[in-house]
Amino acid sequence: MAKYVEALDDVFAALADPTRRAVVGTLGPGPASVGNLAQAADMTLPSFMKHVRTLEACGLIHTAKSGRVRTCTLDRKRLEVVDRWLDEQRALWESRTDRLEQFVTKPRRTS
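Residues numbered from 1 in each chain as written. Predicted model: local features only at pLDDT ≥ 70, side-chain atom pairs only at ≥ 80, totals over all residues. Heavy atoms only, no water.

S.K.: Would you take a moment to explain the pattern of salt bridges for this structure?
M.R.: Within the structure shown, the criterion is met by 3 salt bridges. A salt bridge links Glu88 to Arg84; the shortest N-O distance between them is 3.6 Å. With Glu88 and Arg84 both in helix H5 (residues 79-105) and 4 residues apart, the pair spans about one turn of that helix. A residue is classified by how much of its surface remains accessible, and Glu88, at 35% relative accessible area, is partly exposed. The exposure class assigned to Arg84 is partly exposed, which follows from its relative accessible area of 42%. The salt bridge involving Asp87 is made with Arg90; its shortest N-O contact spans 2.7 Å. Within this pair, Asp87 and its partner Arg90 are both found in helix H5, separated by 3 residues, close to a single helical turn. Assessed through its relative accessible area of 40%, Asp87 is described here as partly exposed. On the basis of relative accessible area, Arg90 is assigned to the partly exposed category, the value being 40%. (Salt bridge = Lys/Arg side-chain N within 4 Å of Asp/Glu carboxyl O. Helix = DSSP H or I, 4+ residues; strand = E, 2+ residues; numbered from the N terminus. Buried < 20%, exposed > 50% of the residue type's maximum accessible area, 1.4 Å probe, protein only.)

So, in structure tokens, the structure goes:
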């Protein structure tokens with residue numbers, strides 16, 4: 001359980017930054033080179049590489065170097081950590097709203 005919570009924290013921390021969210025969104029359809037990803041960001045390449053390293057450290061992306069080109073690939077399995085957490089939250093809140101609906105719609109007994 002602790003490993004799951006730590007992984008979830010790492011993924012959410014990585015996704016807290018808009019540049020990193022944009023990278024994940026860009027990689028959704030398929031791999032892209034760091035150079036192509038960096039063009040969309042309004043920063044220097046060394047600054048952009050910090051974002052790439054953060055995404056790689058939490059497991060959201062993998063990079064591979066072929067010659068002079070470093071290619072990034074999204075690891076969709078890592079997003080399952082977030083999906084699982086969202087499923088848990090959804091179930092919790094649906095049960096709460098179901099109870100609230102019953103409370104509101106049930107006729108009250110007057111004494």
